[in-house]
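A structural walkthrough
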Amino acid sequence: MKKNIILLLAMFTMIMLAGCQAITGESRELKLAHNQSLDHPIHLSLVEFGRLVEEKSNNELTVKIYANGQLGSEREVIELTQTGAVDVAKVSASALEGFESDYSIFSLPYVFEDYEEFEIVMNNDEITDQLYYQTENIGFIGLTYYNAGTRHLYTKDKEVTSLEEMRGLKVRVQPSQTSVRMVEALGGIPTPMAYGEVYTALQSGVIDAAENNETALVGNNHGEVAKYYMYTGHQIVPDMLIMNAERFEHLTDEEKEIVKEAAVESTMYHEGIWTETIEEFTVIAKERMGVEFVDVDKSIFIEAVQPLHKEYAANEKTRDIYQLIKGGTLSE
């Protein structure tokens, strides 16, 4: 209760400050919120984004970062960005699914064959322009994406390499309906919960498994309680950098270009440190935490989720983005 009251007060303060600044026009500070720790590659890349904005604008624009979920969950931060209480936010594409159906494409299992195909998509202006500006009418736009790795399954105490072993497995998923449907299709029991609750849930047996990239094992200490990491490669869900649409529109043309350039350059910076971090954390998880990494035959999982692909291809809300990714754009 106390935590909720403090959070509500913080949100109220941010909204009041945003209102005052909009009236006076005095603030040149962009408030940026995200939910990762200060040593996470995402935070370091957002620091680089801030540095670039300040350097390119000769410090006329500054960026203040609120890390570690200080301003709330990802959904709460998206809502704060809609109102303008937060100017910029880093959130998972899965969290955006509840605001714009196009973003659910990233939670569709095995929509990308590999990371190379994912990169082709994310560097295709036709696709990203559709994504980034689809939400302008509800208060925010996209600026860029960050590599959040390939998501794999990890369990507390057993290998899972078949659909039989998946049956009845309680798996934590992000609050994404597509991710829920994915686990159901594989025979598991989906359990949506906040990321910060996963460690305790694994430890206590509330869940049997979770799914994420390798940074979760070390950066969030999940490797202390989860000893098997299966390379299922079921999703490639990027992190997205979004910005309040009205705040962006009130920037000068030069400042708009500065923000967009800084965002893209921070994505390039992120690629390098992300790769290094994954390699480093994998070694730590193996050698210091005793996590066993297991290769699996993905074909059985791919086949099991094909009904979801057929639904996406037929649904009027998702078929355009699905065909854009799986159809003519990538085959031309």
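Treat the numbers as computed from the prediction; the structure is a model and nothing was measured. (Residues numbered from 1 in each chain as written. Predicted model: local features only at pLDDT ≥ 70, side-chain atom pairs only at ≥ 80, totals over all residues. Heavy atoms only, no water.)

Taken together, the buried positions of helix H6 (residues 125-133) are occupied by Ile127, Thr128, Leu131 and Tyr132. Down the axis, H6 shows its buried residues gathered within 115 degrees of arc, on one side only. Sitting at the amino-terminal end of H6 is Asn124, which places a side-chain oxygen 2.9 Å from the backbone nitrogen of Glu126. (Buried < 20%, exposed > 50% of the residue type's maximum accessible area, 1.4 Å probe, protein only. Helix = DSSP H or I, 4+ residues; strand = E, 2+ residues; numbered from the N terminus. Arc of directions from axis to C-beta. Polar contact = N/O pair within 3.5 Å; in protein donor to acceptor, adjacent residues only side chain to side chain.)

Okay, the domain arrangement of the chain next. Domain boundaries in the chain define domain 1 (2-148 + 238-279) and domain 2 (151-236 + 289-326). Distance from the C-alpha centre of domain 1 to the C-alpha centre of domain 2: 25 Å. Of the residues lining the interface, 28 residues belong to domain 1; the matching set on domain 2 comes to 29 residues. Considering only the side of domain 1, the residues that lose the most area to domain 2 are Leu108, Pro109 and Tyr110, jointly responsible for 28% of the buried surface there. Inspection of the domain 1/domain 2 interface yields 0 salt bridges. Joining domain 1 to domain 2, the criterion identifies 14 residue pairs in polar contact (both at pLDDT 80 or more). Counting only elements with at least two residues in the side of domain 1 that touches domain 2, the list comes to helix H5 (115-122), H6 and helix H12 (253-287). Among the elements that line the side of domain 1 that touches domain 2, the one with the most residues is H5, at 4 residues. (Domains from an automatic or database assignment. Contact = heavy atoms within 4.5 Å. Buried area = accessible area lost by both parts, 1.4 Å probe. Salt bridge = Lys/Arg side-chain N within 4 Å of Asp/Glu carboxyl O.)

Burial of strand E8 (residues 209-212) is two-sided: the residues Ala209 and Glu211 facing one way and the residues Ala210 and Asn212 facing the other way are all buried. Bridge count for strand E5 (residues 151-155) against E8 is 4 bridges, and the pairing is antiparallel. Of the residues in E8, the one forming a bridge with His152 is Asn212. (Pairing = 2+ DSSP bridges.)

Quick look at the sheet that holds strand E3 (residues 88-92) now. Ordered by their spatial adjacency, 5 strands build an open sheet running E2-E1-E3-E10-E4, and the pairing between neighbours is mixed. The open sheet has two free edges, formed respectively by strand E2 (62-66) and strand E4 (140-146), since each of these has just one partner strand. Between one strand axis and the next, the sheet turns through 25 degrees on average, direction left out of account. As defined by bridge partners, E3 adjoins strand E10 (residues 239-244) across 5 bridges and the pair is classed as antiparallel. (Axes fitted to C-alpha atoms, helices over the stretch in contact; angles between N-to-C directions.)

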